[in-house]
Amino acid sequence: MSKFGYTISKPRVIDYDKNDRSVAEYILERENSFRMCIECGGCSSACTTGKYTSFSLREIHVLIKRGENEKPKEQIRKCMLCGKCILVCPRGVNTRNVVFLAKQGFMKSDSYAI
Amino acid sequence: MDKQVLVIGGGAAGLETASQLAKSGIEVTLVEKEAVTGGHINDWFKLFPDRRDSKEVLAYLSEASSGRGITIHSNTTIKEITKKGSHFLYTTSAGNSLIADAVVVSTGFDLFRSARKEEYGYGIYDNVITSADLEKMFRQGKIKMHNGETPSRIGIVHCVGSRDEKVGNLYCSKLCCVTAVKQAIEIREHLHECQVFCFYMDMRMGGAHYEELYREAQEKWAVSFIRGKVSEAGETLNGRLVIKVEDTLAGRPLKMELDMLVLMAGMEMSEGGKDVAEIAGLATGENRFFEPADHHYANNLSNVPGIFYAGTCTAPMNITDTISHARSAAAEVVSYLNSEK
């Protein structure tokens, strides 16, 4: 059948109820400071990886919390665990442990196995 | 009423409390550690949100506190306070031992020492200044870089020493956002060609006419607002400042060269207040300000009956709120003295 070039767009909405937030919960259970982020971007500003690649820890934080795991799963490998983000965070988030736990969480989660 | 009250601190809170107490016929002794009363208002040129000259408010306060029944001792601090029965015995730094029926603590705040946020380079780079330094420039009528040149781009950093676990201050200082907006407008008024950028985490414009001032800054003065916490300031080879920040709404790191960087220093419990807390046995809270007996209905009362609080020694507040808080402190003192009769 001819498709005439039309496609059906996938909705852009964050479907909070359907999204898989198990990785977020995995991190939250183990690193309570993950709750404290206010999205100021201090971590991303200090980040060497973010300077050269499309890596933003702030963005990864918020996407994982919303269960939008595709991009974080892809991006999180880029972190070099240098910890400069910990030094600037005004909310005392243990950002390095968040990255570590996120990697672990993705590994444990079948659907997001790295 | 034949009663005597000691007021510690001669800023807006202390002067207004003294004035209100004197109206009730109470003898007030006010001690001020500096040579002049008026506190931080002396260091400010124009006040938010209406940008009136600070001297008008200082004139009101000095007029109100110059009446009968008020004795002001400048260059004086309190060295000792002890409660004997219903009286307080206190000693001043001048060595005088005196008696009071009640004490009002109005020791105010200190501005956050911005050099503590080393990554912003205050005290390292010549053109990194604080909000207080900028007010001095406004007063002199010229905004110049250290080399005497006129800046063409100025950045303003919000929340310096506020909302920052790294310096131990979890609270919001409340006044810095509106001060940033006010100063951004004033820079644009002085220097029509100068671009101004405010770097903020949240714009907290919760006071009367604050949000309107924010709108005016955008609409009339073309001030730019970028949402992100500046992580550091550095210097380029040609001596310009360069800052790093994430433009969180664009989702990408941003760097920008600037001629001048203005740090919005937050408010902290004053060193003088800490001394008073220690000698008088007064409770301080997690944020190091004095802890009132109750935050809802007794925020002028301390843990010591007969000692009261007025103004920013309890929490950051603007001049309007400080004056209201001072008036309620005076009312609390009067009802306390009446009950002690």
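Residues numbered from 1 in each chain as written. Chains lettered and ligands numbered in written order. Predicted model: local features only at pLDDT ≥ 70, side-chain atom pairs only at ≥ 80, totals over all residues.

## Observations concerning the pairing of strand 1 (residues 4-8) of chain B
Residue and element names in this part refer to chain B. Counted residue by residue, strand 1 has 5 buried out of 5 residues, so it is predominantly covered. Neither face of strand 1 is open: one carries Gln4, Leu6 and Ile8, the other Val5 and Val7, and all of them are buried. When strand 1 meets strand 2 (residues 27-31), the two strands line up parallel, connected through 5 bridges. Bridge assignment links valine 5 to a residue of strand 2, and that residue is valine 28. What joins strand 1 to strand 2 is helix 1 (residues 12-23), and the crossover it makes is right-handed. Two elements, strand 1 and strand 9 (residues 102-105), share 4 bridges in a ladder whose sense is parallel. Pairing of valine 7 across the sheet is with valine 104, part of strand 9. (Buried ≥ 20, exposed ≤ 12 C-beta atoms within 10 Å, placed from the backbone. Helix = DSSP H or I, 4+ residues; strand = E, 2+ residues; numbered from the N terminus. Pairing = 2+ DSSP bridges. Right-handed = clockwise from strand over helix to strand, strands pointing away.)

## Quick word on the nonpolar core
Residues and elements named next belong to chain B. Val5, Val103, Val104, Val105 and Val333 are the most contacted members of the largest nonpolar core, which has 49 residues in total. If you tally residues by element for this core, the top one is helix 7 (residues 319-340), at 8 residues. Sequence-distant contacts of valine 104, that is, excluding residues within four places in its chain, are made with Val5, Val7, Thr17, Phe308, Ala310, Ala329 and Val333. Of all hydrophobic cores here, the second largest spans 44 residues; its members include Ile156, Val181, Tyr214 and Val230. (Core = buried A, V, L, I, M, F, W, Y, C linked by C-beta atoms within 7 Å. Contact = placed C-beta atoms within 7 Å.)

## Examining helix 7 of chain B
All names here are of chain B. End to end, helix 7 covers 31 Å across 22 residues, agreeing with the expected 32 Å (1.5 Å per residue, within 8%). Three or more residues of helix 7 are buried, namely Ile319, Thr322, Ile323, His325, Ala326, Ala329, Ala330, Glu332, Val333, Val334 and Leu337. Elements that come into contact with the buried residues of helix 7 comprise strand 1, helix 1, strand 3 (46-47), helix 2 (54-64), strand 9 and strand 20 (307-309). (Expected span 1.5 Å × (residues − 1).)

## So, the confidence of the model for chain B
Mean pLDDT over chain B stands at 97; residues scoring 70 or higher make up 99%. Predicted complex, confidence summary: ipTM 0.86, pTM 0.93. (pLDDT = per-residue confidence, 0-100.)

## Focus: the environment of A:Glu68
All names here are of chain A. Mapped onto the elements of the fold, glutamate 68 is located in the loop between helix 4 (57-66) and helix 5 (70-75). Sequence separation of glutamate 68 and aspartate 20 is 48 residues, and the distance between their C-alpha atoms is 7.6 Å. Dropping the residues within four chain positions of it, glutamate 68 is found in contact with Ile14, Asn19 and Leu63.

## Description of the interface of chain B and chain A
Taken together, the contact pairs 14 residues of chain B with 17 residues of chain A. Of all the elements, strand 16 (residues 241-247) of chain B adds the most residues to the side of chain B that touches chain A, at 3 residues. Of the residues in the side of chain B that touches chain A, the class split is 3 nonpolar, 4 polar and 7 charged. (Nonpolar A, V, L, I, M, F, W, Y, C, P; charged D, E, K, R; others polar.)

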